[in-house]
Each structure stands twice: as C-alpha cells, then as structure tokens.
Amino acid sequence: MLAYISRRILILIPTLLGVSIIVFVMLHITPGDPAELLLGERATEEALFELREHLGLNEPLYVQYGMFLKRLMKGDLGVTIWTRQKVWTEIKHRFPATIELTLAALCIACFFGIIFGIISATKQYSVFDYVSMIGALAGVSMPIFWLGLIFMLIFSLNLGWLPISGRLSVDIDLEVITNFYILDAVLTRNWAALKDAVWHIIMPAVTLSTIPMAIVARMTRSAMLEVLRQDYIKTAKAKGLSNFTVTFKHALRNALIPVVTTVGLQFGVALGGAILTETIFAWPGVGKWMYDAVMQRDYMVIQGGTLIIAAVFVVINLCVDVLYAVINPRISVQ
Amino acid sequence: MTKEKVQKNPFDRHPMLEQLSQLWRNKTAVVGLVIITVFILTAIFAPLLSPHDPLEVSLYDQIKPPVWHEKGTWKNILGTDDLGRDTLSRIIHGARVSMAVAIISVGIAFVFGVLLGSISGYYKGWVDSIIMRIMDIILAFPYLLLAIVVVAYLGPSLENAMMAIGITYIPRFARIVRGSVLEECEKDYVMAARSIGAKNWRILFLAILPNCMGPLIVQTTLSMASAILDAAALSFLGLGAQPPTPEWGGMIAMSRGLILRASWVMTFPGIAILLAVIGFNLLGDGLRDALDPRLRD
C-alpha cells in the first residue's frame with residue numbers, strides 16, 4: 001500500500017509541472033508584453049522595468065520558466081494589479097470560503113443523493129424511482145447559474161426566507177480564526193453568528209449541490225441494484241434478516257465503494273461550479289475572486305488562482321484514488 | 001401462402017439495424033431524439049419561425065410580460081426584455097448558437113481526441129506515455145476552470161469559448177479511444193490485416209476505429225449536453241457570445257438586473273438550456289444502453 005501511495009505521489013509531480021507549464025505558457029502566448037499584462041495599464045515605466053528584471057523577461061523562455069518555478073517554490077505568486085496585495089495572502093484568505101461552500105454542497109449532495117439512490121434501488125420501477133430518476137436527469141442537465149438566480153428570486157426576493165448574498169450579515173460580529181465561518185462560530189460559541197452563517201450558506205450550497213446530487217443518486221441506485229442481485233444478499237434474506245438490515249448493513253456497504261469515488265470526482269466539478277455560484281451569490285471565495293480577475297484582466301490573480309485550484313484538485317483526486325484502494329479490499333494494488 | 005410467410009430470423013439482420021431497432025424500443029432515447037430534432041429544426045429554420053428580428057430594439061415594447069399575463073399581448077408571446085427585444089425570437093435564434101457550439105466544440109474534441117487516443121493505443125510505449133500524461137495535465141484543471149482561463153487569455157468571444165471547451169473535452173475522447181484500440185489490437189482481425197501487409201494507418205483507421213464507434217458515439221452525445229451547459233455558463237460570465245448575440249446564457253446574464261421587475265426575461269432562456277441539455281443527455285443514456293452495455297451505470 002505504501003509503495004502504491006508513494007508511486008501515485010510521484011506521478012503527481014509531472015502533472016503539477018505540466019500545470020505550471022500551461023499557466024506559464026498561457027501568459028507568453030497572449031499578445032503583448034507580459035510585464036504590462038501583469039502590472040496592468042496603470043503601471044509606471046520603473047515598475048515595468050523592475051518586473052521585467054524580476055521575471056527575467058529578457059532571458060530565453062526556459063530560463064524564465066526556471067525562475068518562475070523557483071518563485072513558485074518560495075510561495076511567491078506575485079502581487080495583484082488592483083489591490084497590490086500578495087496573491088498568496090489573498091488566496092489563503094479566500095480559499096476557506098470556497099472550501100466551506102464546496103464541502104457544504106457535497107454534504108447536501110451525498111445525504112440526499114444516497115438516500116434517493118437507495119430508495120430508488122430498493123423500490124425499482126416504482127413511482128418514487130421514476131420521479132427521482134427524472135429529477136436526477138434534470139439535475140445533471142441544470143444550468144446552475146440559472147437555478148441560483150431562480151432560487152434567489154423565490155426564496156430571497158419573493159418569500160424573504162434566506163439572505164440574498166454574502167457569507168454573513170453586516171451587523172453580526174464574528175472573531176475570525178480559521179476563516180471557515182461556521183467552524184469559527186462554533187469555536188467561539190457565537191451562536192448568533194453560527195445561525196447567520198448557516199442561513200447564508202444554504203442557498204449557494206444547495207445550488208452548487210444540484211449536479212453532484214444527481215450524479216450521486218444515479219450512482220448509488222445502480223451500485224445498489226448491482227449489489228442487491230448478489231448471492232450473499234439472498235443468503236442474508238434467507239437467514240431471515242430484516243429488509244432494513246440487509247439493505248443498510250449488507251448491501252449499502254459494498255454499494256458505497258463506487259459512490260465514494262464518484263463523490264471524490266464531484267469535488268472537482270463543485271470546485272469549478274463554485275466560480276458560477278460564488279459569482280451569483282457574491283460569496284467571497286476564490287471563484288468570485290477569479291471571476292473578478294478575469295473581468296479586470298488581472299493576470300497575476302488568474303495565474304495564481306489557477307495554479308492553486310488545479311493543485312488542490314489534483315491532490316484531492318489522489319486522495320480519492322488512495323481511499324478507493326483502502327476501502328475496496330477486492331482491488332489488489334498493483 | 002404459407003411459404004411466403006416464413007418469418008425472418010431477427011438474428012439475421014445487420015447488426016447496425018439490430019442496434020437501431022433496439023434504440024427505437026428505448027423510450028428515453030426516442031424522447032431525447034425528438035427533443036434534439038425539435039431544437040435542430042428550430043435552429044435551421046430560425047429566421048422563418050421567429051416572429052420578430054431578435055436584434056430589433058423597440059422602445060415602445062420594453063419589458064412586456066408573456067401572453068398569459070394580464071398585460072401580455074400576442075405580439076410578444078414570451079414577452080420582451082429591457083430593450084424591447086422579443087424573448088421568443090431571441091430564444092429561437094439562440095438555438096442556432098447553442099447547436100453550433102455543441103457541434104463545433106465537440107467536433108474539435110472528437111477529432112483531436114480520436115487522433116491522439118488511437119495513436120496512443122496503437123503505438124503504445126513512450127508515445128502512449130507522453131500523450132496520456134498530457135491528457136492528465138488537461139484533466140488536472142477542474143471543469144470550466146481551464147475553459148475560463150483559456151478565454152481569459154485569448155479574449156472573450158464565442159469562437160474562443162468553443163475552442164476552449166473543445167480543448168477541455170479532448171481527454172475524454174482520447175481515453176475512450178485509447179482503451180478501445182488497446183482492446184481491439186489483441187483481436188485476430190488486426191493480426192490478419194497485418195499479415196496481408198496492410199499499412200499501419202490503414203489498420204488503425206479502416207479496421208480498428210470503426211469497431212470502437214459505440215462508446216465514441218455515446219461520449220459525443222453526452223459531451224454535446226455538457227458543451228451546451230459550459231458554453232452557456234461562459235456566456236453568462238461574459239466570456240462567450242458577446243451582446244447583442246442572442247445566446248441563452250448571455251440572455252440570462254443580461255436580465256439579472258430585471259430579476260424583480262421582469263423575472264420571465266430570465267426564466268425562459270434557462271428553460272431552453274435545460275430542455276436542450278436534457279435532450280442530449282436522454283439520447284446519450286439511451287445510446288449507451290443500445291450500443292455499449294459496458295458503460296451502463
């Protein structure tokens with residue numbers, strides 16, 4: 001197992017290098033002077049000169065790439081054009097918001113997806129099965145940016161149940177420790193802030209959970225159907241065990257193995273979807289930040305944000321693969 | 001009389017016909033096919049079908065509600081936007097953009113994916129390793145992110161959005177083709193072709209690839225569904241089709257400011273996207289059942 005994990009980590013290195021090459025090359029195939037792109041139109045001559053020296057723009061490309069990598073290793077992602085903040089500091093500040101939203105969405109997706117999947121499988125071809133599978137079809141086909149706006153219209157503007165945007169109401173004080181607001185509220189026992197943070201996260205998280213929920217529901221259903229056909233299920237039923245025990249203790253455990261992989265892969269989908277969801281609900285995470293950067297042509301931010309999101313995504317995929325090997329004893333790791 | 005009534009053995013039919021009839025019996029696939037056909041016909045005959053010019057600004061008809069609303073009129077069945085443009089006409093013309101996006105971006109991914117995947121699976125060795133590592137790198141970007149970044153650098157336009165989506169979809173095709181080619185290479189007919197002296201490209205493109213079409217067709221259909229979604233998302237973010245092009249995602253973005261005053265302006269394009277994507281997904285699921293039982297989930 002250890003050999004497998006270390007081999008997988010080794011494969012990570014060329015992939016991450018590739019990602020860095022793509023990000024590096026992108027800037028250089030864009031027409032115009034990279035220094036000017038990175039500093040924006042307002043940059044002074046001195047600043048441009050300084051950056052050209054710093055990036056080594058007068059050197060050959062491979063030397064420039066080497067310098068780029070060196071800076072990456074030191075965690076130097078440059079400064080943003082508009083706010084003149086260190087890109088790395090900004091990312092550290094915003095990533096928790098994105099992760100909080102993504103995790104909340106995935107929890108919702110897993111909870112409902114797995115429940116719907118199980119009921120659909122145990123009651124195959126029932127009305128419930130048809131309805132939930134049509135729902136799943138609509139879910140995977142949903143333009144989530146539109147759904148988010150519809151939710152906003154119904155639940156915020158018309159009914160007034162949920163806050164329209166943001167992470168926390170203005171009048172709520174919260175001592176920020178980890179930048180995960182829900183966690184911070186629990187840690188500081190600030191129940192008013194907890195309620196407010198949960199209230200704010202519901203709509204964006206439900207919006208973001210649509211596609212993963214549909215996929216998890218489909219996957220759970222088909223995995224359960226497959227497992228329920230196995231002989232050991234018949235044996236368990238023949239022993240006289242209750243339907244509940246057979247479904248949850250015998251079948252679900254094995255059916256969940258492929259579901260875990262699916263959920264892991266959905267993390268990436270959710271991370272990408274976060275750009276849309278955060279933009280709609282003004283959620284101050286990396287997604288909205290990237291969107292703003294694209295709009296303002298802040299290439300330092302685009303570069304840094306892309307690198308970090310891709311790196312996180314790759315590491316998550318690695319964890320999913322390893323987890324899959326750990327929980328599935330039938331797969332012998334080669 | 002009895003002589004003529006000899007029943008044909010269904011197993012004698014051409015395998016393609018057999019698959020087609022299987023597809024026909026598959027209700028989901030048929031529903032999907034019907035939806036897609038409607039959208040494609042709408043796209044082709046858009047100028048004939050749409051009651052108004054989609055770009056025509058009419059200051060007298062600003063923000064008209066749909067016909068069933070008490071203030072609605074038959075002139076603008078689905079109402080108008082803040083510039084008085086007819087929503088129905090814009091949605092009908094939007095079908096053109098979305099169908100074009102689906103065909104072109106998936107076309108790019110198909111051509112490059114099949115080419116890279118088949119070379120990878122056929123030649124194996126270091127060629128395979130390099131191509132597959134490159135695919136891994138493209139897959140290292142979460143969906144939509146790479147497309148957004150590519151468009152951010154190339155500049156926002158519908159063409160760039162289609163290209164960006166096409167690039168991000170290459171790995172799915174390459175992986176499927178590679179797997180099928182690897183499998184097919186072991187079969188006797190490849191050996192037979194080789195023994196009669198057929199050239200590599202001939203074996204690959206004329207003998208092996210036609211046998212890998214099943215999963216490819218399924219992937220193409222499902223990819224068209226996600227291409228429509230992604231292109232709409234890019235346009236919604238202002239990175240795809242530029243105003244005043246009638247594009248569904250762009251229409252939703254433009255009507256955000258009207259959300260309280262005129263929610264219908266935003267509602268209908270969303271329904272159009274949803275229906276079109278459902279159509280392709282249904283057909284894809286049906287095709288998967290008919291053509292490729294291995295992929296069934």
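Preceding this section is the structure that the text describes.
Treat the numbers as computed from the prediction; the structure is a model and nothing was measured.

Cut-offs and rules
Residue positions are given per chain, counted from 1 along the sequence in the order it is written. Chain letters start at A and ligand numbers start at 1, both assigned in the order the entries are written. Whole-chain, interface and lining totals are the exception, using all residues; otherwise, since this is a predicted model, local features are given only for residues with pLDDT of at least 70 and side-chain atom pairs are given and counted only at 80 or more. Excluded from the side-chain calculation are hydrogens and water; included are all heavy atoms of the structure. All axes here are fitted lines through C-alpha atoms, helices being fitted over the stretch that makes contact, and every angle between N-to-C directions spans 0 to 180 degrees. Counting from the N terminus, the helices are DSSP H or I runs at least four residues long and the strands are E runs at least two residues long. Angular relationships are summarised with four words: roughly parallel below 35 degrees, roughly antiparallel beyond 145, roughly perpendicular across 65 to 115, and oblique for the angles in between. Whether two residues are in contact is decided by their heavy atoms, any of which lying within 4.5 Å being enough. The set of buried Ala, Val, Leu, Ile, Met, Phe, Trp, Tyr and Cys residues whose side-chain atoms join them within 4.5 Å is what this entry labels a nonpolar core. Throughout, exposure labels follow a simple rule: accessible area from a 1.4 Å probe, protein chains only, divided by the maximum for the residue type, with under 20% read as buried, over 50% as exposed, and the rest as partly exposed. Identification of polar contacts relies on pairs of N or O atoms within 3.5 Å, with a donor-acceptor requirement for protein atoms, meaning one able to donate a hydrogen and the other able to accept it, and with residues adjacent in sequence counted only if both atoms are side-chain atoms. What a helix is expected to span follows from its residue count: subtract one and scale by 1.5 Å. The buried area of a pairing is the accessible area, by a 1.4 Å probe, that goes missing from both parts when the two are put together, added over both. By definition here, a salt bridge exists when the distance from a side-chain nitrogen of Lys or Arg to a carboxyl oxygen of Asp or Glu is within 4 Å.

Caption draft 1: The arrangement of the packing of helix H11 (residues 243-281) of chain A against helix H12 (residues 286-296) of chain A in detail. All names here are of chain A. Where H11 contacts H12, the axes come no closer than 7 Å and their chain directions differ by 80 degrees. For the element pair H11 / H12, the angle class is roughly perpendicular. Across the interface between the two elements, Ala274, Ile275, Glu278 and Thr279 of H11 pack against Val286, Gly287, Lys288 and Tyr291 of H12.

Caption draft 2: Broad picture of the environment of Ile202 of chain A. Within the fold, Ile202 of chain A resides in helix H9 (residues 191-228). Between the alpha carbons of Ile202 of chain A and Gly40 of chain A there is a distance of 37 Å; along the sequence they are 162 residues apart.

Caption draft 3: Structural detail: the nonpolar core. Phe145 of chain A together with Val181, Ile208 and Trp248 of chain B are the most contacted members of the largest nonpolar core, which totals 168 residues. Listed in part, the 17 residues of the second largest apolar core include Ile114, Ala121, Ala236 and Ala255 of chain A.

Caption draft 4: Fine view of the side chain of Thr277 of chain A. Residues and elements named next belong to chain A. As for its placement among the helices and strands, Thr277 is situated in helix H11. Owing to a relative accessible area of 1%, Thr277 belongs among the buried residues under this scheme. Looking at Thr277, its side chain comes within polar contact range of the main-chain oxygen of Gly273, at 2.9 Å.

Caption draft 5: Region of the structure containing helix H4 (residues 87-123) of chain B. Between its terminal C-alpha atoms H4 of chain B stretches 53 Å, which fits the 54 Å expected from 37 residues at 1.5 Å a residue. Two residues or fewer past H4 of chain B, Lys124 of chain B is found with a positive phi of approximately 50 degrees.

Caption draft 6: Representation of the interface of chain A and chain B in the model. Listed per partner, the contact involves 45 residues of chain A and 41 residues of chain B. Taken together, the two surfaces of chain A and chain B that pack against each other cover about 3,900 Å², and 80% of this comes from carbon and sulfur. Looking at the side of chain A facing chain B, the largest losses of area belong to Phe145, Trp146 and Leu149 of chain A, adding up to 16% of the total buried there. The shortest N-O distance in the salt bridge between Asp285 of chain B and Arg218 of chain A comes to 3.0 Å. The tally of links between chain A and chain B comes to four residue pairs in polar contact (both at pLDDT 80 or more). Ranked by residue count, the leading element in the side of chain A that touches chain B is H11 of chain A, at nine residues.

Caption draft 7: Just unusual backbone geometry, in detail. With an omega of 10 degrees, the peptide bond between Pro243 of chain B and Pro244 of chain B qualifies as cis. Position of Pro244 of chain B relative to the elements: it lies in the loop between helix H10 (213-236) and helix H11 (248-254). In this structure, Ala282 of chain A is a non-glycine residue whose phi angle is positive, near 50 degrees. As for its position among the elements, Ala282 of chain A is in the loop between H11 and H12. Owing to a relative accessible area of 32%, Ala282 of chain A belongs among the partly exposed residues under this scheme. Residue Lys124 of chain B is not a glycine yet carries a positive backbone phi of 50 degrees.

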